[in-house]
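Secondary and tertiary structure notes
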Amino acid sequence: MRIRVASHTWAVVLAASVLAGCGIHSQASSTSAHQASQSAKSSITIADGQVFKLPVPTSFDVGRPVSVADTQLGILYILPPHWLSAQNPWQLWLAPATGASDISRDSVLVAQWHFVHQTLSIADVTQNVALIVASPTPGIVSNAALWSVNLETGSVAKLHTWNPSQLSGPPFVSGRGVAAWWNPGTATATTLNLVSGARQTLVGVASAQALSFTNGGLAINGTPVALPFLKPYNHTLPKGYQWAYPAGALNPIVAVPKSWIIRSFIGQNSIGITASNPNQPSQHMVASLDACVACFSPANNTGVSGPDSPLLGVPVGTKFVWLSDHAVAYTLPGSANATEYKLQVTEPNGGVVDASVTLPASLKREATTILNSLWWP
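Residues numbered from 1 in each chain as written. Predicted model: local features only at pLDDT ≥ 70, side-chain atom pairs only at ≥ 80, totals over all residues. Heavy atoms only, no water.

**Structural notes on the packing of aromatic side chains**
Counted only if it meets this: Centre distance within 6.5 Å is the pairing criterion for rings of Phe, Tyr and Trp, where only the six-membered ring of Trp is used; planes under 30 degrees apart are then read as stacked, over 60 as edge-to-face, and the remainder as tilted. The secondary structure listing takes helices from DSSP runs of H or I that are at least 4 residues long and strands from runs of E that are at least 2 residues long, numbered from the N terminus. Only protein chains enter the accessibility calculation, which uses a 1.4 Å probe. A residue is then buried if its area is under 20% of the maximum for its type, exposed if over 50%, and partly exposed in between.
Within the structure shown, the criterion is met by five aromatic pairs. Ring centres 6.3 Å apart and planes at 55° place the aromatic pair Tyr233 and Trp376 in the tilted group. Placement of the pair is Tyr233 in the loop between strand S19 (223-225) and strand S20 (241-244) and Trp376 in the segment after helix H1 (364-372), with a sequence separation of 143 residues. What makes Tyr233 buried here is its relative accessible area of 15%. On the accessibility criterion, Trp376 (1% relative accessible area) is buried. Look at Trp243 and Trp375: their rings are 6.0 Å apart centre to centre, the planes differ by 85°, and that puts the pair in the edge-to-face class.

Here it is as structure tokens:
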């Protein structure tokens, strides 16, 4: 099942802290992170449709975070200095999801940074470009910086710097292979196509909070902006279908057959709709927008940090398909009369979009039409 399937491979983020820096070295290598961590006595468990483990050396400082991102290429993670040896810098590794359950065995070194008094983490991965934030450690006065690492070519670039003491968070947003950041002290923002290098300056951006990623495109104060290299999604209502609006929502969430009965619901952190075939109540769908941030983040004391990954909503062992930077689709086991088709999305700005359609296998095309109509990032 497709739904705006990109022609490129992609990733959804499972981790993001704020970071900063100087001096980087990109290095493609077959060196295994496992070689220097064989004395590990514990492991970090990473779930992304399967269960993977990352060995933790006995000397691991729990105060140094490990940033992890689920991507279609595999599991991307950053190890802090001294993880492998006393001389190691910050290192970005990529482990194929088809490899050993101990992901360090097959990991490839992508890049490394020789930073002092700085912390690195993965802010996003879009169209196989990782965005890395480097920020000063507490008590250090220094600028923060945004870096890009192309996971296919190995190219590394510093994109933007800012004074973290003047901002409540990183002044950028990203998605669909594009990054945009506010230029402090101005009313402008810079947009960058991370793959082609094309840039455009936007005016009328008074703060970092004015930027957002909405409906698959960039927005300023909630108003969509069309760029030469990025346009918001154009939603088309399928013939014979109706738009379903959650209570109080300005935009619909999904399209369902005209004959279906729609009901809205409001949860503790979410709004959504249920819809069902009045002649066959077992044929139904549920779609929700959940504002809860970090609902699926690992809850442990291993030092793994970050926002949601859609893969953490996928039952372990279930086959799934990446649809975009932040979305996966999968089918749960069922019968000829009741098969459940699922779509899980993490919003770039925080929150989760979830949709589930239950229909007979013979109506898979109808289920696909419903999920294809979903308004998701």
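From this point, the narrative continues.
**Re the sheet that holds strand S26 (residues 320-324)**
Stated precisely, the cut-off is as follows: A pair of strands is treated as paired once DSSP finds two or more bridges between them. Here an axis means a line fitted to C-alpha atoms, over the contact stretch when the element is a helix, while the angle between two N-to-C directions is reported on a 0 to 180 degree scale. Note on definitions: a residue-residue contact is assigned when non-hydrogen atoms from the two residues lie within 4.5 Å.
The seven strands are arranged S22-S23-S24-S29-S28-S27-S26 in an open sheet whose pairing can be described as antiparallel. Two strands in the sheet have a free side with no partner beyond their single neighbour: strand S22 (261-266) and S26. For this sheet, the mean inter-axis angle between neighbouring strands, taken without regard to orientation, is 15°. Summarising the sheet, strand S23 (residues 270-277) and strand S24 (residues 280-290) pair through eight bridges and their orientation is antiparallel. Bridge assignment links Asn277 to a residue of S24, and that residue is Gln280. Packing of H1 onto the sheet brings it into contact with S24, strand S28 (338-346) and strand S29 (352-359), and relative to S29 it is tilted by some 160°.

**Here we look at the sheet that holds strand S17 (residues 211-214)**
Pairing in this open sheet of three strands is antiparallel, and the strands run S17-S18-S19 from one edge to the other. On the outer flanks of this sheet lie S17 and S19, each paired with one strand and no other. Sheet twist, expressed as the average angle between the axes of neighbouring strands with direction ignored, equals 45°. Across three bridges, the pairing between strand S18 (residues 217-220) and S19 is antiparallel. Note on S19: the bridge partner recorded for Leu218 is Val225.

**Observations regarding the pattern of salt bridges**
Heads up, the rule is: Salt bridge, as used here, is a side-chain nitrogen of Lys or Arg placed within 4 Å of a carboxyl oxygen of Asp or Glu.
Throughout the structure, instances matching the rule amount to one salt bridge. In this structure, Asp354 and Lys342 form a salt bridge, with 3.6 Å as the shortest nitrogen-oxygen distance. Of this pair, Asp354 sits in strand S29 while Lys342 sits in strand S28, and the two are twelve residues apart along the sequence. The class for Lys342 is buried, based on a relative accessible area of 12%.

**Concerning the environment of Glu366**
Relative to the elements of secondary structure, Glu366 occurs in helix H1. On the accessibility criterion, Glu366 (23% relative accessible area) is partly exposed. Considered as a pair, Glu366 and Val256 are 110 residues apart in the sequence and their alpha carbons are 9.1 Å apart. If we skip the residues at most four places from it in the chain, Glu366 touches Tyr241, Pro257, Trp260 and Leu359.

**Here we look at the nonpolar core**
The tendency in soluble globular proteins is for nonpolar side chains to be buried side by side. Here is the rule we go by: The term nonpolar core refers to a set of buried residues drawn from Ala, Val, Leu, Ile, Met, Phe, Trp, Tyr and Cys, joined through side-chain atoms within 4.5 Å.
Membership of the largest hydrophobic core comes to 30 residues, with the highest contact counts inside it found for Leu146, Leu202, Val205, Leu211 and Leu218. Elements represented by at least two residues in this core include exactly strand S10 (129-136), strand S11 (144-150), strand S12 (156-162), strand S13 (172-175), strand S14 (178-182), strand S15 (188-193), S17 and S18. Looking at which element gives the most residues to this core, the answer is S14, with five residues. Aside from chain neighbours lying at most four places away, what touches Leu146 is Leu131, Ile132, Val133, Ala157, Lys158, Leu159, His160, Trp162, Phe172 and Trp181. Among the nonpolar cores identified, the runner-up in size contains 26 residues, and Trp260, Ala275, Val345 and Trp376 belong to it.

**As for H1**
As a reminder of what qualifies: What the arc covers is the set of directions going from the helix axis to the C-beta atoms.
For H1, every residue scored as buried is listed here: Ala367, Thr368, Ile370 and Leu371. All buried residues of H1 project into a common sector of 160° when viewed along the axis, lining one side. Check the buried side of H1 and you find it contacts S20, strand S21 (254-257), S24, S28 and S29.

**Concerning the environment of Trp182**
Put simply, the rule reads: Contacts described as polar in this section are N or O atom pairs within 3.5 Å, which, within protein, must combine one atom able to donate a hydrogen with one able to accept it, while residues neighboring in sequence count only if both atoms come from side chains.
Of note, Trp182 is situated in strand S14. For the pair formed by Trp182 and Val203, sequence separation is 21 residues and the distance between their alpha carbons is 9.9 Å. Aside from chain neighbours lying at most four places away, what touches Trp182 is His160, Leu167, Pro171, Thr188, Ala189, Val205, Ala206, Ser207, Ala208 and Leu211. Within the local environment of Trp182, its side chain forms a polar contact with the backbone oxygen of Val205, the two atoms lying 3.1 Å apart.

**Some details on the layout of surface pockets**
For the record, the criterion: Put simply, the grid is 1 Å and covers the protein atoms alone, a cavity is a trapped set of points that fit a 1.4 Å probe, a pocket is an open set with protein on both sides within 12 Å along at least five of seven lines, and lining residues have an atom within 4 Å of a point. Grid points are joined across faces, edges and corners, and a volume is the space filled by probe spheres set on the points. By the convention adopted, Pro, Cys, Tyr, Trp, Phe, Met, Ile, Leu, Val and Ala count as nonpolar, Lys, Arg, Asp and Glu as charged, and the other residues, Gly among them, as polar.
Of the volumes computed, that of the second largest pocket is approximately 510 Å³. Residue lining of the second largest pocket: 20 residues in total, with Thr214, Asn215, Asn251, Leu289 and Glu347 positioned closest to the centre. Of the residues forming the lining of the second largest pocket, the biggest block, three residues, is contributed by S17. Considering only residue class, the lining of the second largest pocket consists of twelve nonpolar, seven polar and one charged.

**Notes on the side chain of Ser107**
By the element assignment, Ser107 lies in the loop between strand S7 (90-95) and strand S8 (108-113). A polar side-chain atom of Ser107 sits 2.5 Å from a polar atom in the side chain of Tyr77.

Purely spatial values, then, with no claim about function.
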